[in-house]
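The residues making up each chain are set out below.
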Amino acid sequence: MQIDFEEWARRYGTPLYVYDFDRIRENYTRLKEAFSGQKSLIAYAVKANSNLSVIAHLGKLGAGADCVSIGEVLRARAAGIAPYRIIFSGVGKRDEEIRQALEEEILLLNLESEAEMKRVEAVARELGKEARISIRVNPNVDPQTHPYISTGLHENKFGVEIDMAKRMYIYAKNSQWLDPVGIHFHIGSQLTELEPIREAAGMVADLVRSLAAIGVEIRFFDVGGGLGIVYRDENPIDVKAYADVITEAVRGLDLTIVCEPGRFLVGDAGWLVTRVLYEKRNGDKRFVIVDAAMNDLLRPSLYNAYHRIEALFDGEERGEATPAEVVGPICESGDWLGKEVLLPETKPGDLLLIHSAGAYGFTMASNYNTRGRAAEVACEEGRCRLIRDRESFEDQIRLEQAHLEERG
Ligand SMILES: *Cc1c(COP(=O)(O)O)cnc(C)c1O
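Counting of residues starts from 1 at the beginning of each chain's written sequence and follows it residue by residue. Local features in this predicted model are restricted to residues of pLDDT 70 or higher, and side-chain atom pairs are both shown and tallied only at a pLDDT of 80 or more, whereas totals for entire chains, interfaces and linings draw on every residue. Each side-chain value is derived from all of the structure's non-hydrogen atoms; neither hydrogens nor water enter the calculation.

*Asks:* Teacher, can you tell me more about the sheet that holds strand β2 (residues 40-45) here?
*Replies:* Hydrogen bonding along the main chain pairs the strands of a sheet, whether they run parallel or antiparallel. One requirement defines pairing of two strands: DSSP has to find at least two bridges between them. Note on conventions: DSSP H or I runs of at least 4 residues are helices, E runs of at least 2 residues are strands, and numbering of each starts at the N terminus. Read around the closed barrel, the 8 strands follow the order β2-β3-β4-β5-β6-β7-β8-β9; overall the barrel is parallel. Along the sheet, successive strands turn relative to each other by an average axial angle of 30°, direction set aside. As paired strands, β2 and strand β9 (residues 256-259) are joined by 3 bridges and run parallel to one another. Bridged to Ile42 within β9 is Cys259. Interaxial angle, 0 to 180 degrees, is taken between N-to-C directions of lines fitted to C-alpha atoms, where a helix line uses only the stretch in contact.

Below, the structure is given as structure tokens:
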């Protein structure tokens, strides 16, 4: 839909996150339909954007939730996702998180080590409940993505090697408190190559077959997330080809395919709207200083990530566009949002639009420099509404204030 960013920036202030819920629906539907003819569950990776309205929107479309903390599990529940569509992943879980997840009766806990399995077994025994589990296999496949978001190599902390997975499945099958129902892999994020997925899916499907031969019946084949999107000029994977590669790998097996996309569903459906404060020059270098910063959108500082930045003002009579570094007001040299951004001369109050900010944008926001987190707006079928208030100064000091008074 056509979104009037000016209008919403005026109404709710900047920096402001704006999401296109129609686009999220299109992304979801495209992926779901790619898996048609196969039992599938799209479990949205909540960490990409955990606003309750975003989760609820996807939930209404039929999505489940892939969570990496009990907080995310509770968010998914609060947003109306049914427990049997919730997966709890992550390399480290506290006993208390395991207990709560078991009490919520979620679909399964995804395990990443033998030690974790033993903890889950102990907690399940205490509760007198059988824990449905899956095991994250690290297939040692190079996903050919940014090393910071590669997860499927042995050098990464994620998952267990295939031999270890086998031993864990046998242990789980023989435990009264563990029910091994799933298998999982996730080789990285922002994937743009199909081959590593084909390779990993094939290896893990072979493991499923050898497990079946020893009486371990896997029902959920979780292929993780990681589908890439366009930030600049990437060639993203065609979702139909992606689904076909996976379907091919599990041919002959009776499995529900679980897919855990985050970025693919919400990444290109979000923008960060920011206002220019002023410009400055240091020698030859031109800086455009804006009111959004690394605390609002960390990806450039953290991963050197590229986000397209577009001028929302009419630059015609402002002269030629020249390269500028778009920076925030935070006291860090790493506080930049775009480098070599071609912009005409800007004036205070001009709006800039930062693209593809729907995933790992707001969820990575912090209060660094005591900056309140941005407000969030959702647009759907021609209408926009606020889905999170701007964080106030009072919100930020609330948990400290009483203690200050205690001391007198
Ligand atoms: C981060 C993550 C995802 C989602 O990754 P995207 O690249 O956003 O699709 C899915 N599964 C697991 C286990 C993850 O860690």
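Next comes the rest of the description.
*Asks:* Can you walk me through the site of the ligand in this structure?
*Replies:* Near the ligand there are 14 residues, and of these Lys47, Ser189, Gly226, Glu260 and Tyr360 occur at the shortest range. In the analysis that follows, any N or O atom pair within 3.5 Å is treated as a polar contact, provided that within protein one partner can donate a hydrogen and the other can accept it, and provided that, for residues neighboring in sequence, both atoms belong to side chains. For the ligand, an oxygen atom lies 2.7 Å from a polar atom in the side chain of Lys47. A distance of 2.5 Å is found between an oxygen atom of the ligand and a side-chain nitrogen or oxygen belonging to Tyr360. Where accessible areas are quoted, they stem from the Shrake-Rupley method and a 1.4 Å probe; at the residue level, only the protein chains shown are allowed to cover. When isolated, the ligand has an accessible area of 380 Å², and the protein chains bury 94% of it. We call a residue near a molecule or strand whenever a single non-hydrogen atom of that residue lies within 4 Å of it.

*Asks:* I would appreciate a short explanation of the state of the cysteines in the present structure.
*Replies:* Note on terminology: a disulfide is the covalent bond linking the sulfur atoms of two cysteines. By convention in this document, the label disulfide applies to cysteine sulfur atom pairs within 2.5 Å. Applying the stated criterion to the full structure yields 1 disulfide. Cys379 shares a disulfide with Cys384; S-S distance 2.1 Å. An S-S torsion of about 105° defines the bridge between Cys379 and Cys384 as right-handed. Comparing Cys379 with Cys384 shows no difference in burial state: the two are buried. Only protein chains enter the area calculation, which uses a 1.4 Å probe; residues under 20% of their type maximum are buried, those over 50% are exposed, and those in between are partly exposed.

*Asks:* Just checking my understanding: could you explain the packing of aromatic side chains for this structure?
*Replies:* Within a pair of aromatic rings, the relevant descriptors are the distance that separates the centres and the angle that separates the planes. Think of it this way: a Phe, Tyr or Trp ring, Trp meaning its six-membered ring, pairs with another when their centres are within 6.5 Å, and the plane angle makes it stacked under 30 degrees, edge-to-face over 60, tilted otherwise. Under the counting rule described, the total for this entry stands at 6 aromatic pairs. Pairing Trp8 with Tyr12 gives two aromatic rings, centres 6.1 Å apart and planes at 10°, and the pair type is stacked. Within this pair, Trp8 and its partner Tyr12 are both found in helix α1 (residues 5-12), separated by 4 residues, close to a single helical turn. Judged by its relative accessible area of 10%, Trp8 falls in the buried class. The class of Tyr12 is partly exposed, set by a relative accessible area of 25%. Lys93 extends its terminal NZ or CZ atom over the ring of Phe88, reaching a point 5.3 Å from the ring centre. Here, a charge over a ring is recorded when the distance from Lys NZ or Arg CZ to the ring centre is within 6 Å and its angle to the ring normal is within 35 degrees. Stacked on the ring of Tyr306, the Lys or Arg Arg232 has its end atom at 3.9 Å from the ring centre.

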